[in-house]
Amino acid sequence: MERTTLDMWVGAFMVGGLIALLILAFKVGNLGGYDGSKTYRVYGEFDNIGGLKIKAPVKSAGVVVGRVSGIQFDNKTFRAHVEMRLSQNNLFPKDTSAAILTSGLLGEQYIGLEAGGDEANLKNGDKFKLTQSAMVLEQLIGQALFSKASGEGGDKNTAQGGNKKP
Amino acid sequence: MAHRKVGFGLRGIGHAVVNGVGRLGYASRFFLMILIGSGASFRRIHLTIREIYFTGVMSLIIILVSGLFVGMVLGLQGYETLQKYGSESALGSLVALSLVRELGPVLAALLFASRAGSAITAEIGLMKATEQIAAMEMMAVDPISRVVAPRFWAGVTSMPLLAAMFSAVGVFGGYLVGVVFIGVDVGSFWSQMEAAVDFRQDIVNGVIKSVVFGIAVTAIALFEGYDAPPTAEGVSHATTRTVVTSALVVLGLDFILTVFMFRGV
């Protein structure tokens, strides 16, 4: 085969391969997604994060506004220290509360933000004052059983476990 | 009588072990010789480009068609299983993750071994059988740097590109079946995929895998060809061995790499 035609084919092959890689990176992967926009960091301390993982979404009103960027164990307070990156487009009041929620019965866990009423907004490096831990199924079942055993009145005290009896 | 049979058996095992170790040593030396002799394949880049045409471009059709069908089957099977749990919206991430992490690099490497690897072995084996390699040595042309190294670098360059194309076409196939034929929501298909697939963790690791497979498959094909007995039978055996050995090595390496890359993250 003539050399120029051969070069053309090989060049087209290389370009095709690189385009495939770019498609994988930007369309399939998350390189083009959230990381491009500007973010700010906020922290939350939780008693129990359950199955929360790095890169889990942070949602408010069901809309993804950021992602979990780091999870550490705090040696002083013995709590979980969770770092989140929120999009600069979404500002929240200072008294916003964060809760670890589960999508669906056995779905992935995410952080849900409930906006407060403060005038000032959360800034880079701020910390959520109000946090709510993940619900651990075993504890709920235990609570439900315990309240059942301790009589009729106990049922009303377990606000969360009441409707999840085994 | 019995002790003579045992003696024969032991001798057979010993022979096989010594042979195997010797071949492995020769293969390692051969690999080193390729690396040392690969200067020419960059200085005279058209030699390598020619081989990329034969190994990479000629493998395109089989890679693209197989990728499309693998993606479509993944879409169908994944949908069948996921809809039982009411999570068919996760179809995108299932198809993309299985392709990018495993099926893309591994299947592309297996296809590459049978399409390009066997051709390389047959070509070099025949060159040896028809004494072209000996003739080169007579003319003081190093056959390693003139014949073997360009093919090696061509294989190593082509493999990751082919694997990437396999995965990309496969994702498109999954999209075709999942979204266009079955009717999974387009938005959740792509957004779940984007949320689940991480660039560093999944795509870069997939590319690393395919580079390793490219090195392994091409080196095996070249070695089997170079080491083949210069007869018709020897070349045919070497071609078979290329495909079998490459398949086993690719699957074994895949396990090892996966253990290192995705250890319960």
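Bear in mind the structure is a predicted one, so any value in this text is a computation, not a measurement. (Residues numbered from 1 in each chain as written. Chains lettered and ligands numbered in written order. Predicted model: local features only at pLDDT ≥ 70, side-chain atom pairs only at ≥ 80, totals over all residues. Heavy atoms only, no water.)

1. Some words on the nonpolar core
Ranked by size, the top nonpolar core spans 50 residues in total, and within it A:Phe13, A:Val28, B:Leu91, B:Val171 and B:Met193 carry the most contacts. Elements with a minimum of two residues in this core: helix 1 (3–28) of chain A together with helix 3 (45–55), helix 4 (60–82), helix 5 (91–129), helix 7 (143–182), helix 8 (186–196), helix 9 (199–227) and helix 10 (232–261) of chain B. For this core, the leading source of residues is helix 5 of chain B, giving 12 residues. Excluding anything up to four places from it in sequence, A:Val28 contacts A:Ile23, B:Ala96, B:Val100, B:Val171, B:Met193, B:Glu194 and B:Val197. Membership of the second largest hydrophobic core comes to 21 residues, among which are A:Val42, A:Ala56, A:Val68 and A:Met84. (Core = buried A, V, L, I, M, F, W, Y, C linked by side-chain atoms within 4.5 Å. Buried < 20%, exposed > 50% of the residue type's maximum accessible area, 1.4 Å probe, protein only. Helix = DSSP H or I, 4+ residues; strand = E, 2+ residues; numbered from the N terminus. Contact = heavy atoms within 4.5 Å.)

2. A word on a nonpolar patch on the surface
A cluster of nonpolar side chains, namely B:Val6, B:Leu10, B:Ile13, B:Val17 and B:Val21, defines an oily patch on the protein surface of about 490 Å² accessible area. Look at B:Val17 and you get partly exposed, because its relative accessible area is 49%. (Patch = residues over 30% accessible without salt bridge, like charges linked within 9 Å, V, L, I, M, F, W, Y side chains within 5 Å. Areas by Shrake-Rupley, 256 points an atom, 1.4 Å probe, with all protein chains shown as cover. Salt bridge = Lys/Arg side-chain N within 4 Å of Asp/Glu carboxyl O.)

3. A few points about the domain arrangement of chain A
Domain boundaries in chain A define domain 1 (1–32) and domain 2 (36–135). Of note, the centres of domain 1 of chain A and domain 2 of chain A, computed from C-alpha atoms alone, are 40 Å apart. (Domains from an automatic or database assignment.)

4. Quick word on the packing of aromatic side chains
This structure, assessed with the given rule, holds 12 aromatic pairs over all chains. Between B:Phe152 and B:Trp153, the aromatic rings sit 5.1 Å apart at their centres with planes inclined by 80 degrees, giving edge-to-face as the arrangement. According to the relative accessible area criterion, B:Phe152 is buried, its value standing at 2%. B:Trp153 sits in the partly exposed class, given a relative accessible area of 22%. An aromatic cluster is present here, built from B:Tyr26, B:Phe30, B:Phe223 and B:Tyr226 joined pairwise through their rings. Lying over the aromatic face of A:Tyr110, A:Lys59 brings its terminal NZ or CZ to 4.5 Å of the ring centre. (Phe/Tyr/Trp six-rings, centres within 6.5 Å; stacked < 30°, edge-to-face > 60°. Lys NZ or Arg CZ within 6 Å of the ring centre and 35° of its normal.)

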